[in-house]
Amino acid sequence: MRGDGDPPGPAVTSPGSGMPRWVPRAIVVGLALVACFQVSVWAFHRLYGLFLDVLIAFFVALAVEPPVQRLAARGMRRGLATGLVFLVVAVVTTGFLTLMGSMLADQVGTMVENFPSYLDSVIAWINHTFGTDLSRVKIQKSVLHSDWLRKYASSGASGVLDVSATVLGGLFELLAVLLFSFYFAADGPRLRRALCSVLPPRRQAEVLRAWELAVAKTGGYIYSRALMALVSGAAHYVLLAALGVPYAPALAVWVGLVSQFVPTIGTYLAGALPVLLAFTVGPWYAVWVLAFVVVYQQFENYLLQPRITARTVDIHPAVAFGSVVAGAALLGAVGALIAIPATATLQAFLGVYVRRYEVVGTAGAPGAGGEDGGSSPDRDTGDGPGDPA
């Protein structure tokens, strides 16, 4: 016991009387991490379009890398070689679009001029088949005085500004992609040196190998798309020429290129123009063309494309199909377009560094334990503990 004259002892603090010192710091750090996460998410959503443009430009630069390298190897400056390749592509694209635009304008004018006769033939077929009493005058009056036409006209007038803004935004994004892809292709060696300069020598070799694989696989993907465009154009040309549809060669080229190199909506754009022009020949011709486009698309998706892609890009058809589905789910049309070359590059890169071993025979497996497949105890595999390193 302590007497009255003894000095006071140290104060005793109960376990729950005070807050530990690390708690305020933990709260501050947690709030800072949450704030950084929110800012990162906000910045990602704001810059998502820019990231997508850079990604597209990178793959475009990989696609034009082989011809640029060939021109540069012959003594041409790399920037000039890149500009020449882009100029050739721009001239071919502009000429093709101009030809198709003039053809489409002529055929649309012809279709509008002959539309009353088409409508009369369709009405006559409906009256004869179903026993109705329709006429072109009645249909015109019902359409002109319908509520949905008035609503469509009013909404269309208000949506002109939205369409104009969308077109201007698309042109700006196209310009940005072309600018980035030109710089990536023209300054390819400098960009590789800049990336490798911050890495150790072993990592530099891996980066260069991955870059070469990406160029090779992207080139293989472009080749496979060109091959499928050739097959598709030839098949549609045979049909269009047999039906007597005008401009069959140009339409075949249109179907082949647009269906293969325009993601997601390319198939519908490619098939819509032949159907439209076939309608100028006869309504039933348009039905036949539409049916052929649908059937050929299924043939291409499930038989032709997996086999050609497996040979040119060297990936399994199931992996190619799954990569396209995954790319479309992650990045939409752009993801579907670049999924196969990206997957092929990753697979080839991993195949270089992943070590594979001989499969040991399993009981019940075909050829296991016999002379055809399974490993026997006295077989020298070179990996035993007594083998020399």
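Our subject is the structure that appears above.
Every value quoted in this text rests on a predicted model; they were computed, and no experiment measured them. By convention here, each chain's residues receive numbers from 1 onward along its written sequence. Local features in this predicted model are restricted to residues whose pLDDT is 70 or higher, and side-chain atom pairs enter the listing and the counts only when it is 80 or higher, whereas totals over whole chains, interfaces and linings include all residues. Side-chain calculation: all heavy atoms of the structure are included, whereas hydrogens and water are not.

Novice: Just checking my understanding: could you explain the overall build of the protein chain for this structure?
Specialist: Across its full length, the protein chain holds 13 helices and 0 strands. Under the scheme used here, helices are H or I runs from DSSP no shorter than 4 residues and strands are E runs no shorter than 2 residues, and both carry numbers assigned from the N terminus. Ordering the α and β elements of the protein chain from the N terminus gives α-α-α-α-α-α-α-α-α-α-α-α-α. Looking at the 389 residues of the protein chain, the share that counts as buried comes to 26%. Put simply, of all contacts in the protein chain between residues at least 6 apart along the chain, 62% involve residues at least 24 apart. The protein chains shown are the only cover counted for residues, whose accessible areas, like all others here, come from Shrake-Rupley with a 1.4 Å probe. Total accessible area computed for the protein chain in this model is approximately 26,100 Å², and 69% of it derives from carbon and sulfur atoms. Accessible area is worked out with a 1.4 Å probe on protein chains only. A residue is then buried under 20% of its type maximum, exposed over 50%, and partly exposed in between. Whether two residues are in contact is decided by their heavy atoms, any of which lying within 4.5 Å being enough.

Novice: Teacher, can you tell me more about the nonpolar core here?
Specialist: Nonpolar side chains in soluble globular proteins tend to be buried together. Counting 21 residues, the largest nonpolar core has M100, M103, V245, L251, W254, L273 and V289 as the members making the most contacts within it. When residues of this core are assigned to their parent elements, the largest contribution, 6 residues, is made by helix 9 (residues 248-261). Those residues within four positions of W254 in sequence are excluded, and the remaining contacts are F96, M100, S259, L269, A270, L273 and P274. Take the buried residues of types Ala, Val, Leu, Ile, Met, Phe, Trp, Tyr and Cys, join any two whose side-chain atoms come within 4.5 Å, and each joined set is a nonpolar core. Core analysis: the next-biggest nonpolar cluster, separate from the first, contains 8 residues, L52, L62, V215 and V334 among them.

Novice: Just to check I follow, could you spell out the pattern of salt bridges for this structure?
Specialist: We define a salt bridge as a side-chain nitrogen of Lys or Arg found within 4 Å of a carboxyl oxygen belonging to Asp or Glu. Enumeration over the complete set of coordinates arrives at 2 salt bridges. The shortest N-O distance in the salt bridge between R78 and E65 comes to 2.6 Å. Of this pair, R78 sits in helix 3 (residues 78-130) while E65 sits in helix 2 (residues 48-73), and the two are 13 residues apart along the sequence. Looking at R78, the relative accessible area reads 15%, which means it is buried.

Novice: I tried to follow the packing of helix 8 (residues 201-243) against helix 9 on my own but got confused; where do I start?
Specialist: Relative placement of two packed helices is described by the angle separating their axes and the distance separating the axes. What counts as an axis is a line fitted to C-alpha atoms, over the stretch in contact for a helix, and the angles between N-to-C directions run from 0 to 180 degrees. Close contact between helix 8 and helix 9 brings their axes to 7 Å; oriented N to C, the two are set at 145°. In this structure, the crossing between helix 8 and helix 9 has a hand that is right-handed. On the side of helix 8, the interface is formed by I222, R225, A226, M228, A229, S232, G233, H236, Y237, L240 and A241, while helix 9 contributes A248, P249, L251, A252, V255, G256, L257, S259, Q260 and F261. The residue inventory of the contact of helix 8 with helix 9, partitioned by class, reads 14 nonpolar, 6 polar and 1 charged. It is the rotation of the near helix from the far one that decides the hand of a crossing: anticlockwise by less than a right angle makes it left-handed, clockwise makes it right-handed. Only Asp, Glu, Lys and Arg are considered charged in this grouping, and only Ala, Val, Leu, Ile, Met, Phe, Trp, Tyr, Cys and Pro are considered nonpolar; every other residue, Gly among them, is considered polar.

Novice: I would appreciate a short explanation of a nonpolar patch on the surface in the present structure.
Specialist: Residues enter a patch when their relative accessible area is above 30% and they make no salt bridge; the linking distance is 9 Å between like charges and 5 Å between nonpolar side chains (Val, Leu, Ile, Met, Phe, Trp, Tyr). A surface patch of nonpolar side chains, about 790 Å² in accessible area, is lined by W125, F130, V281, W284, Y285, V287 and W288. Within the residue set of the nonpolar patch, elements represented by two or more residues are helix 3 and helix 11 (283-312). Element by element, the count of residues in the nonpolar patch is highest for helix 11, at 4 residues.

Novice: How should I be thinking about the side chain of Q260 in this particular structure?
Specialist: Checked against the element boundaries, Q260 lands in helix 9. Overall, Q260 belongs to the buried group, its relative accessible area being 2%. Here the side chain of Q260 touches R225 through a polar contact of 3.0 Å, side chain to side chain. Within polar-contact distance, the side chain of Q260 engages the side chain of S259 at 3.4 Å. Beyond its immediate sequence surroundings of up to four residues, Q260 is in contact with R225, M228, A229, S232 and E300. The definition of a polar contact used here is a pair of N or O atoms within 3.5 Å, where within protein one atom must be able to donate a hydrogen and the other to accept one, and adjacent residues in sequence count solely through side-chain atom pairs.

Novice: What is the right way to read the packing of aromatic side chains from this model?
Specialist: Centre-to-centre distance and the angle between the planes together describe a pair of aromatic rings. Here is the rule: rings of Phe, Tyr and Trp (six-membered ring for Trp) pair when centre to centre is within 6.5 Å. Planes less than 30 degrees apart are stacked, more than 60 are edge-to-face, and the remainder are tilted. What the rule picks out here adds up to 12 aromatic pairs. Centroid distance W125 to F130: 6.1 Å. Interplanar angle 90°. Geometry classified as edge-to-face. Of the residues examined, F130 reaches a relative accessible area of 58% and is grouped as exposed. A connected cluster of aromatic rings, assembled from ring pairs, spans F58, F59, F180, F184 and W211.

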